[in-house]
Amino acid sequence: MSKRRRIQKLFEFCVGVTSLAMAQVITFIVFHFGLTGLKKIANYEMSNWLEYSVILTVSFLVVFLCFSSPINLLKRSKPMEFASTLRNCALTYGLFAAMLILTKNSIIDSRYQFLGSFILYVVFSLAGRFALKRTLLSRISSSKLATMTGIITTRDRAESFIPKLQTDWSKNIKAIALADAVIESGKYKCKKKNGKGFEEISEVCSVPVVANLENVLGWIRTASLDEVYINLPLDEEYDIPELIEELEDMGIVAIVNIPSMEKIVENSKFDNFNCMVKSGYPMVVFSPIIEDETKLLIKRIVDVLGGLVGTIISLPIILLTAIPLKLESPGPLIFKQQRVGKNGRIFNIYKLRSMYVDADKRKKELMEKNKMEGHMFKMDDDPRITKVGKFIRKYSIDELPQFWNVLKGDMSLVGTRPPTIDEFEKYESHHKRRLSMKPGITGNWQVSGRSNIQDFEEVVKLDCEYIDNWSLGLDLKILIKTVGVVLTHKGAE
């Protein structure tokens, strides 16, 4: 995690804790010692208040660690900030209420303390976050917490590079060295933009010009700098390796552009990439998504717990379903089929058999009745589905054995639907991106009216939206929606 991310997380944590504490204290004071006529909060035992405080703290920590927005605080719009704050406050108090009920804490009876503190928590959190934004932009960049930054670049690059760098509140840009500048009478001059003659240049975007390539090392040796950005075009006259070596000797962090990669980055759909050295060669890793290992671990823990609970609950339902299913249609109870999982991995998916045993053979005969546009098969009144099969599909009972797939690690509770091998073989490049995360029992497509969507490209779009915006909060939202879909049979077929 970068210095900026660490500081921002710390400040957001402090704002959250302070808002929560103030909300509790003010609510208690108002309703216990407040004006005459206000309903007073009962005198609960100290042990109850201690338990109350511990549960509230745990609830806050769980939500903060699992559902904090990964988007830079300064890049969040006001509506985005409002929605994020309201969601986290609601999740905190939802978990808090559930734990108070489970522990039978008597303070849960105090509606004034609970609702009053919740409202104040939302208000203080919003005010605190907006104040934090303003403080970060106006104060932190010039404080001791900021990273002292120098820049070595050319004039034309400086004019586009510096404004973007100035939006990072964790950096204090001290000065700039222009590689294409010359010194005349102690002043720095660059070629005019029309190419005719030279003009004096003392600053770029309010950042002072203090050196060129001739005296850049002298400036760096005497300046207070933590890091230096080197943003130069691919040109033999710039000895970048020597610059980096000198910076290394001085113990200063060097951040260097890779000219040969600029065209690739410009044309790429993604800007998530990392540099590394592998077997002695510098490599750049491009990734469509940035994976947070901690959140992925939490997702897997939730999958294992959900898989265990789901398997235990499913067993009696499967046993009850087995009798009419076997009586209507001979054949195996559990249908096993090869599916394509994360990045093309083949695995066996398990479902309660809802079709006759010759369903795969008859599929070719029915392809002309396929109502899906693209690489999926759907048809109205599919003759391969048994009467019991229609019932278990309507209530999604046929999906229950997939909890075993979740426990095995082939699938997740929430993800994208895994295609069959014959569907996968027809995929174009952009279709495969929907497999860049582990497939799930439910997902964005399933809660968006799956049977009403008849264009495969729309399925791909929904799956990619899930992948691009994935978070633990989004998984929880889809799981809650799934319960509603199952109960109302919306989109089931």
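Right above here is the structure, for reference.
Residues numbered from 1 in each chain as written. Predicted model: local features only at pLDDT ≥ 70, side-chain atom pairs only at ≥ 80, totals over all residues. Heavy atoms only, no water.

**A closer look at the nonpolar core**
Turning to step 1, where the next piece is worked out: In terms of nonpolar packing, the biggest core is built from 32 residues, with Ile152, Ile176, Leu178, Val216, Trp219, Ile220 and Val228 touching the most fellow members.
Turning to step 2, where the next piece is worked out: Elements that contribute at least two residues to this core include exactly β1 (147–153), α5 (155–165), β2 (171–178), β4 (187–191), β7 (207–211), α6 (216–222), β8 (227–231) and α7 (240–249).
Turning to step 3, where the next piece is worked out: At 5 residues, the largest contribution of residues to this core is made by β2.
Turning to step 4, where the next piece is worked out: Ile176 has contacts with Ile151, Thr153, Ala158, Ile162, Val207, Pro208, Val209, Val210, Ala211 and Trp219, leaving out every residue within four places of it along the chain.
Turning to step 5, where the next piece is worked out: By size, the runner-up hydrophobic cluster in this structure holds 27 residues, among which are Val63, Cys66, Leu400 and Val447. (Core = buried A, V, L, I, M, F, W, Y, C linked by side-chain atoms within 4.5 Å. Buried < 20%, exposed > 50% of the residue type's maximum accessible area, 1.4 Å probe, protein only. Helix = DSSP H or I, 4+ residues; strand = E, 2+ residues; numbered from the N terminus. Contact = heavy atoms within 4.5 Å.)

**Thoughts on the packing of helix α9 (residues 293–328) against helix α11 (residues 387–394)**
Turning to step 1, where the next piece is worked out: Close contact between α9 and α11 brings their axes to 8 Å; oriented N to C, the two are set at 145 degrees. On α11, the residues touching Thr321, Pro324, Leu325 and Glu328 of α9 are Lys387, Val388 and Ile392.
Turning to step 2, where the next piece is worked out: Taken together, the residues of the contact of α9 with α11 sort by class into 4 nonpolar, 1 polar and 2 charged. (Axes fitted to C-alpha atoms, helices over the stretch in contact; angles between N-to-C directions. Nonpolar A, V, L, I, M, F, W, Y, C, P; charged D, E, K, R; others polar.)

**Here we look at α5**
Turning to step 1, where the next piece is worked out: Within α5, the full set of buried residues consists of Arg155, Arg157, Ala158, Ile162 and Leu165. Summarising the axial view, the buried residues of α5 lie within an arc of 125 degrees, below the 170-degree limit, and thus occupy one face. Across α5 from its buried face, at more than 90 degrees, point the exposed residues Asp156 and Lys164. (Arc of directions from axis to C-beta.)

**Brief notes about the sheet that holds strand β6 (residues 203–204)**
Turning to step 1, where the next piece is worked out: With respect to topology, 6 strands assemble into an open sheet ordered β6-β7-β2-β1-β8-β9, the strand pairing being mixed. With partners counted over all chains shown, the strands left at the sheet margins are β6 and β9 (253–256), one partner each.
Turning to step 2, where the next piece is worked out: In this sheet, β7 lies alongside β6 in antiparallel orientation, the contact comprising 2 bridges. Its bridge partner lying in β7, Glu203 is registered against Pro208.
Turning to step 3, where the next piece is worked out: Against the sheet, α7 engages β1, β8 and β9, with an angle of about 175 degrees to β8. (Pairing = 2+ DSSP bridges.)

**Examining a negative patch on the surface**
Turning to step 1, where the next piece is worked out: Together, Asp239, Glu242, Glu245, Glu248 and Asp249 give the surface a local cluster of negative charge.
Turning to step 2, where the next piece is worked out: Of note, Glu248 is situated in helix α7.
Turning to step 3, where the next piece is worked out: What makes Glu248 exposed here is its relative accessible area of 56%. (Patch = residues over 30% accessible without salt bridge, like charges linked within 9 Å, V, L, I, M, F, W, Y side chains within 5 Å. Areas by Shrake-Rupley, 256 points an atom, 1.4 Å probe, with all protein chains shown as cover. Salt bridge = Lys/Arg side-chain N within 4 Å of Asp/Glu carboxyl O. Lys, Arg positive; Asp, Glu negative; His and termini not counted. Charge placed at Lys NZ, Arg CZ, Asp CG, Glu CD.)

**Re a nonpolar patch on the surface**
Turning to step 1, where the next piece is worked out: Taken together, Leu50, Val54, Val58 and Val62 make up a surface patch of nonpolar side chains, about 320 Å² in accessible area.
Turning to step 2, where the next piece is worked out: Position of Val58 among the secondary structure elements: in helix α2 (residues 46–67).

**Observations regarding the packing of aromatic side chains**
Ring pairs (aromatic) are described by centroid distance and by the angle formed between their planes.
Turning to step 1, where the next piece is worked out: This structure, assessed with the given rule, holds 15 aromatic pairs.
Turning to step 2, where the next piece is worked out: Considering the side-chain rings of Phe28 and Trp49, the 5.4 Å spacing of their centres and the 90 degrees angle between planes classify their relative orientation as edge-to-face. Of this pair, Phe28 sits in helix α1 (residues 3–33) while Trp49 sits in helix α2; the two residues are 21 residues apart in sequence, bridging distant segments of the chain.
Turning to step 3, where the next piece is worked out: Look at Phe28 and you get partly exposed, because its relative accessible area is 24%.
Turning to step 4, where the next piece is worked out: Accessibility expressed as a relative area gives 17% for Trp49, which makes it buried.
Turning to step 5, where the next piece is worked out: Taking the centre distance of 5.9 Å and the plane angle of 25 degrees together, the rings of Phe60 and Phe64 count as stacked. Taken together, the residues span about one helical turn, with Phe60 and Phe64 both in helix α2 at a distance of 4 residues. (Phe/Tyr/Trp six-rings, centres within 6.5 Å; stacked < 30°, edge-to-face > 60°.)

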